[in-house]
Each structure stands twice: as structure tokens, then as C-alpha cells.
Amino acid sequence: MKHIRFRYLILGLGMMFLVGTAGQIKETLSDNAKVIHKIPTTHKVVAITIDDGPHPKTTPQILAVLKAKQVKATFFVLGEEVERFPEILSQEVAAGHEIGSHAYSHAHLSRIREDKIDPEMEKAEMVISRIAPKPTLFRPPGGLYNHAVLEIAGRHHYTMILWSVDTKDWSAPPVDKVVDVVLNNIKPGSIVLFHDGSYPLPTAQALEIIIDRLKEQGYEFITISELLEYYEIRPTLSLD
Ligand SMILES: [Zn+2]
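Worth saying up front: this structure is predicted, and the values here are computed from it rather than measured. Sequence order sets the numbering: in each chain, residues are counted from 1 along the sequence as written. Predicted model: local features are reported for residues with pLDDT of at least 70 only, side-chain atom pairs are reported and counted for 80 or more only, and whole-chain, interface and lining totals are derived from all residues.

### Some details on the overall build of the protein
Here is the rule we go by: Per the convention used, a helix needs a DSSP run of H or I reaching at least four residues, while a strand needs a run of E reaching at least two, with both numbered from the N terminus. Counts of 20 or more other C-beta atoms within 10 Å of a residue's own C-beta define buried residues, counts of 12 or fewer define exposed ones, and intermediate counts define partly exposed ones; C-beta atoms are placed from the backbone. We call two residues in contact if the C-beta atoms placed from their backbones are at most 7 Å apart.
Counting its secondary structure elements, the protein contains 9 helices and 9 strands. Among the 240 residues that make up the protein, the fraction classed as buried is 35%. Taking the intrachain contacts of the protein between residues at least 6 apart in sequence as the baseline, contacts between residues at least 24 apart amount to 81%.

Spelled out as C-alpha cells, the structure:
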């Protein structure tokens, strides 16, 4: 008798565990659905995104390439760097690029105290808005987020943008390597991650080659807001 009760106890605990785990999985899945990594589209459109600037050396190099190639990109800027180099953000805006927020100090928002998350978003928004339109796009530093980050970003009416192609250019790989990563992984609707945060980076040189090669393949470069317009909701099952 005692033995049977014990088995029920174990079974009960097991079920509680399963229900708990399922609840967690559900929350994670719905959280992930709120974050955009790429856009499902059949059109050959992609977005170049550049994080961590503005930087007095890297950003002007990148801006020069984008201007020469007549490409618009989306810069996810840090509030702290905007305060240091406001004139470079002005150049980005004047050139017609889109500006999103990358928070204020690059603190990893899922790892800081919950009451520190909102000030990171708020301070960045304040300094960016002095120069650029109020940001509607947000990219969490390190791509790290949790439920609290999503909730607070939601209160700011941000669309959370991550990426589908990671060049890892911040680690200063050779130009060829950055080019290969992009050419081997690009698809219609891709969001490509670059950086303009530290110097020297292979980014500007790599972009020059990447833009030419992808244009040859028929790709068009657009900003994140423009890319969002290409979101195709298809009723049929898709393989990707
Ligand atoms: Zn970053």
C-alpha cells in the first residue's frame, strides 16, 4: 500500500514538472514570436543593419561606401555614443539612413536588474530623438532579451529586430571572411548584422564587395522599416 502511494506521489510530481516545463516552453515560444530575425518574402530584398555606433572612424567609412553604392541601411545606435558623437548621427540621418535604438550603455538587458531596463531604453530614446526621428525599432545589446525586456520594449512601442546573418565583423576577421559569410547565407528577407563600434573593422571594405555581388544577383538593399512592408503571410505551409 505504502509502495503504491509512493508511486502516485512520483507520478504526481512528474506531471507537475511536465506542466511547469510546458508552460515555460509556451512562454519562450510566444516571446520568440515577438522578435524579428528575418522577413518571410519571395522578393529579393535584404536589410543591412549596423550596431554600436556612432564611431568617429568606422562610421564615416561605412557612410562613404553606402553613399557611393546608393544603399540605405539601418543603424542601431547606442545612446552613450550618440552623446559623444552627435554630429555623426546627424550625418546618418542627413544621408537618409534609418535609425533604431540599441539602448544606452550596451548593458545586457536580460542580465541587469529589472528596474534598470527601462532607463536604458528611455535614456537612449531621449538622446536619439534630439537628432533623429523617435526610434520605433529596437535591438537589444548582444541580442539578449527576456520576458521583462520584451514587455518594457512593448511599452515603448518598439519592434524588436534581431538578425538572420551574423558577420561577426566585431571580432575583426579578414574582409574575405565577412564577404563569404554574407554571400553563403543571404536569402530574400535576410537581416544582416554589421558593426561600427570599434576600430579598425573590416566592415566598410567588406560592404563594398558584398553590395556589388548581391546587386549582381538581383538583390535590393532596403531599410528595416521598408523590409517590414514585405512581410508576406502565406496560408500554405512554408519549408523555411
Ligand atoms: Zn551591440
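### Examining helix α8 (residues 203-216)
Operational definition: An expected span of 1.5 Å times one less than the residue number is assigned to each helix. In this description, the arc belongs to the directions extending from the helix axis to the C-beta atoms.
In this model α8 runs 20 Å from its N-terminal to its C-terminal C-alpha over 14 residues, within 8% of the 20 Å that 1.5 Å per residue would give. Inspection of α8 places T203, A204, A206, L207, I210, I211 and L214 among the buried residues, and these make up the whole buried set. Buried residues of α8 fall within an arc of 145 degrees about the axis and therefore sit on the same side. Pointing more than 90 degrees away from the buried face of α8 are the exposed residues D212 and E216.

### Some details on the environment of S164
Tracing the backbone through its elements, the reader meets S164 in the loop between β6 (159-161) and β7 (165-166). Measuring from C-alpha to C-alpha, the distance between S164 and V192 comes to 6.3 Å, with 28 residues separating the pair along the chain.

### Here we look at the packing of helix α2 (residues 58-68) against α8
Put simply, the test is: To define axes, lines are fitted to C-alpha atoms, for helices over the stretch in contact only, and angles between the resulting N-to-C directions are given on a 0 to 180 degree scale. These descriptions rest on fixed angle ranges, namely under 35 degrees for roughly parallel, over 145 for roughly antiparallel, 65 to 115 for roughly perpendicular, and the rest for oblique. Helix crossings get a hand from a simple test, with the near helix turned counterclockwise from the far one by less than a right angle marking a left-handed crossing and a clockwise turn marking a right-handed one. Amino acids are sorted into nonpolar (Ala, Val, Leu, Ile, Met, Phe, Trp, Tyr, Cys and Pro), charged (Asp, Glu, Lys and Arg) and polar (every other residue, Gly among them).
Running from N to C, α2 and α8 cross one another at 15 degrees; their axes reach a closest spacing of 9 Å. With respect to α8, the element α2 is oriented roughly parallel. Where α2 crosses over α8, the handedness of that crossing is right-handed. The residues of α8 that touch α2, namely those facing T58, Q61, I62 and V65, are T203, A204, L207 and E208. Class assignment for the residues of the contact of α2 with α8 results in 4 nonpolar, 3 polar and 1 charged.

### Here we look at the confidence of the model for the protein
To keep it simple, the criterion reads: Values of pLDDT, which run from 0 to 100, indicate the predictor's confidence residue by residue.
Looking at the protein as a whole, the pLDDT averages 89, with 83% of positions reaching at least 70. When the criterion is pLDDT under 50, residues 6-27 qualifies, and its contacts beyond four places in sequence or with other chains add up to 1 contact.

### Let's talk about unusual backbone geometry
The phi torsion of most residues other than glycine is negative, and most of the peptide bonds are trans. With an omega of 0 degrees, the peptide bond running from G53 to P54 counts as cis. Mapping P54 onto the fold places it in the loop between β2 (45-51) and α2. Here the residue pair Y199 and P200 is connected by a cis peptide bond, since its omega of 0 degrees sits within 30 degrees of zero. Assignment of secondary structure puts P200 in the loop between β8 (191-195) and α8. Residue A103 is not a glycine yet carries a positive backbone phi of 70 degrees. For A103, the position within the fold is in the loop between β4 (98-101) and α5 (114-129). Its 27 C-beta neighbours within 10 Å are what place A103 among the buried residues. Residues other than glycine seldom take positive phi values, yet H106 does so here, at roughly 65 degrees. Topologically, H106 is positioned in the loop between β4 and α5.

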